[in-house]
Amino acid sequence: MAPKGDFFMRNKRKAQEVPVTPVPGMPIPSTEDPAMIRHDRSYIYHNFTNSLCPHCLKVVQAKIILQDNKVYMLKTCPEHGSMRSLISSDAAYYLSQSQYNKPGTLPRHFQTRVEKGCPLDCGLCTDHEQHTCLALVEITEACNLRCPTCFASSDVGRFAPLDEVERMLDTVVENEGYADVVQFSGGEPTLHPQLFEILEMARKKRIKAMMINTNGVRIARDEEFVRKLSAFKGNFEVYLQFDGFRQSTYEELRGLDLREVKQQAIANLTRYEIPINLTATIKQGVNEDEIGEIVKFGIAQKMVRGVTFQPVTNVGRHDAVNAMQRTTVPDVIRAVAEQTNGMFRQTDFVPLPCHSDCISMTYAYIKGNKVKPLPRYIDVKSYLDVVGNQINFRVEDVKGVVGSALMRLWSASMPLSTINALRDFSCCLPVTPQALSQEEHGSVLYENMFRIVIIAFMDAWNFDVRSAKKCCVHHVLPDGKIIPFCSYNTLYRPQYMHKTRFRSTLPLQRTSEETTSSERYYSHYETSETLLAPLQPAQDDGQSEG
Ligand code: SF4
Ligand code: SF4
Ligand code: SF4
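Parameters and conventions
Residues numbered from 1 in each chain as written. Chains lettered and ligands numbered in written order. Predicted model: local features only at pLDDT ≥ 70, side-chain atom pairs only at ≥ 80, totals over all residues. Heavy atoms only, no water. Near = heavy atom within 4 Å. Nonpolar A, V, L, I, M, F, W, Y, C, P; charged D, E, K, R; others polar. Core = buried A, V, L, I, M, F, W, Y, C linked by side-chain atoms within 4.5 Å. Buried < 20%, exposed > 50% of the residue type's maximum accessible area, 1.4 Å probe, protein only. Helix = DSSP H or I, 4+ residues; strand = E, 2+ residues; numbered from the N terminus. Contact = heavy atoms within 4.5 Å. Pairing = 2+ DSSP bridges. Salt bridge = Lys/Arg side-chain N within 4 Å of Asp/Glu carboxyl O.

The name an unreviewed UniProt entry gives the chain is Radical SAM protein, with Ktedonosporobacter rubrisoli as the organism.

In this section: the site of ligand 1. Contacts to ligand 1 come from 13 residues, most closely from Cys-118, Asp-121, Cys-122, Cys-125 and His-128. When grouped by side-chain class, the residues that make up the shell around ligand 1 number seven nonpolar, three polar and three charged.

Glancing now at the nonpolar core. Ranked by internal contacts, the top residues of the largest apolar core, which has 76 residues, are Phe-184, Leu-199, Leu-229 and Phe-309. If you tally residues by element for this core, the top one is helix H3 (residues 195–203), at six residues. Leave out the neighbours within four places in its chain, and Leu-199 touches Phe-184, Met-210, Ile-212, Leu-229, Phe-232 and Phe-236. Residues Cys-358, Leu-374, Cys-486 and Leu-491 belong to the second largest nonpolar core, which totals 34 residues.

Residues in a regular strand point their side chains to alternate faces of the sheet. Judged by how many residues are buried, strand S11 (residues 304–311) sits mostly within the fold: eight of eight residues are covered. Note that strand S10 (residues 276–282) and S11 share seven bridges and pair parallel. Within the sheet, the bridge partner assigned to Thr-279 lies in S11 and is Thr-308. Note that S11 and strand S15 (residues 449–455) share four bridges and pair parallel. The partner of Val-307 across the bridge, within S15, is Ile-452.

Note: most peptide bonds trans; most residues except glycine with negative phi. Here the residue pair Cys-118 and Pro-119 is connected by a cis peptide bond, since its omega of 5° sits within 30 degrees of zero. Its place among the elements puts Pro-119 in the loop between helix H1 (91–97) and strand S5 (134–138). The omega torsion of the bond from Cys-122 to Gly-123 falls at -25°, within 30 degrees of zero and hence cis. Here Gly-123 shows up in the loop between H1 and S5. With phi around 60°, Asn-69 is a residue other than glycine that occupies positive phi space. One can find Asn-69 in the loop between strand S2 (59–67) and strand S3 (70–77).

This paragraph deals with the pattern of salt bridges. Counting across every chain of the model gives 24 salt bridges. Ionic pairing is found between Asp-170 and Lys-205, a salt bridge with its closest N-O pair at 2.9 Å. Of this pair, Asp-170 sits in helix H2 (residues 162–176) while Lys-205 sits in the loop between H3 and strand S8 (207–214), placing them 35 residues apart in sequence. You can call Asp-170 partly exposed: its relative accessible area is 35%. We note a salt bridge from Asp-289 to Arg-246, for which the minimum N-O separation is 2.8 Å.

Below, the structure is given as structure tokens:
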């Protein structure tokens, strides 16, 4: 339903009374004369963009306005009427983001032409502004959970055959020369019976770092699987869904109490020394008060290298975000500062230069119980602040040793860049009494750095083509297309999903029959009773793992 009511409220302020100098022969107008009354808008018009109607997904024009220190989008669909959605809860933060903007970095190829206009030409079309920092390769549509917040609506589905996965990997490598980070995703990638063959195949390609994006169920209950995974350590991280510590949090966001699963998954990964990134979906009224605890918990874990917070969106299975009350990037920054007792401050967060609208992050040096956020010891902002030189901007201008190291740290391809950038960076870190001791300075490495990343994905309510054009988190698809994350999940995903063809014919079972020689289907989901139970042999059929 489109929201009701006219939000273009008139400001009833009367025109100010100003002294009127009489002109001979002209009557002096009274300030009570209705013709003397002017009305102001109740907001400041800031910008203009294109968005989507959340009801019919047609492209509509939109205004970005500032009101009461917040940022809103106003748009009107000819069919579904006028609507308003919150873009940022902090106008000052929103306006400051642009100073970190930088020229986009081009991919080596584009896949489509500009024909209908953004976002209908994905992609990447020749008008896209940013190469792929993080390539998402979905190797299955199936999942063993049915999270109410799943943007992929994963449940029943197929496992991508190896040749299809290879095609997707080759697409991103061809497009990038060297791909920064490939994240295997789904569905639940740990269910893929050929996951280890896929990782082995990817390891031989020009890919700098790999991740798997997982709910942790298999990792929690299959130690042998984790042992095999540890063979890929080195430029490899597990992106582990981890939303908090309360039963109600998991029941609301995941449909099941997964607390034990998460702790067991972290324990197993730690046992095999596999680096972990905790990824928390944040939903207002559910777990925004757990943000600080998640940060502190992450810092205390030996193998956790960072935490990513992703405010929930109205995409896929989830449509319960109130577009006027969503959690935005500054809300998460504020929560981190307020809930970590001074460990982090709001000023420790810096927007990502190539995608300042949607991503903000910080790093801290960790040694024992000491936590030292990097931006307090080095003027990150002045290195990344290119606004003064925007017109004649040259990347070289910020590519001193520290500048280029920071550029790589403040990057969406952070896991690998962290390792290399920190090596450059450690020799430039100022050693002062306020900063790090000589001994600490020498040991500033991947293991000592903890990153906090906040990524605000868009849905049709707050979709802004200006952001979509700069997105560097891309889905790589079997047909050779590369589609920016928010465009894909808002507009394109349904046309790429295979599962609807099979949902009605598949019985609910752990592993279905092979329907072709290379594609198989999975339709089992866990319940609270099965969550930590040993795997049945049918799933772990021994095919090609390890
Ligand atoms: S999001 Fe990027 S790739 Fe897609 S249509 Fe817009 S500019 Fe082109
Ligand atoms: S675990 Fe991930 S893929 Fe599976 S249903 Fe939940 S959000 Fe979707
Ligand atoms: S985030 Fe880093 S890797 Fe990505 S475009 Fe920006 S500078 Fe390049």
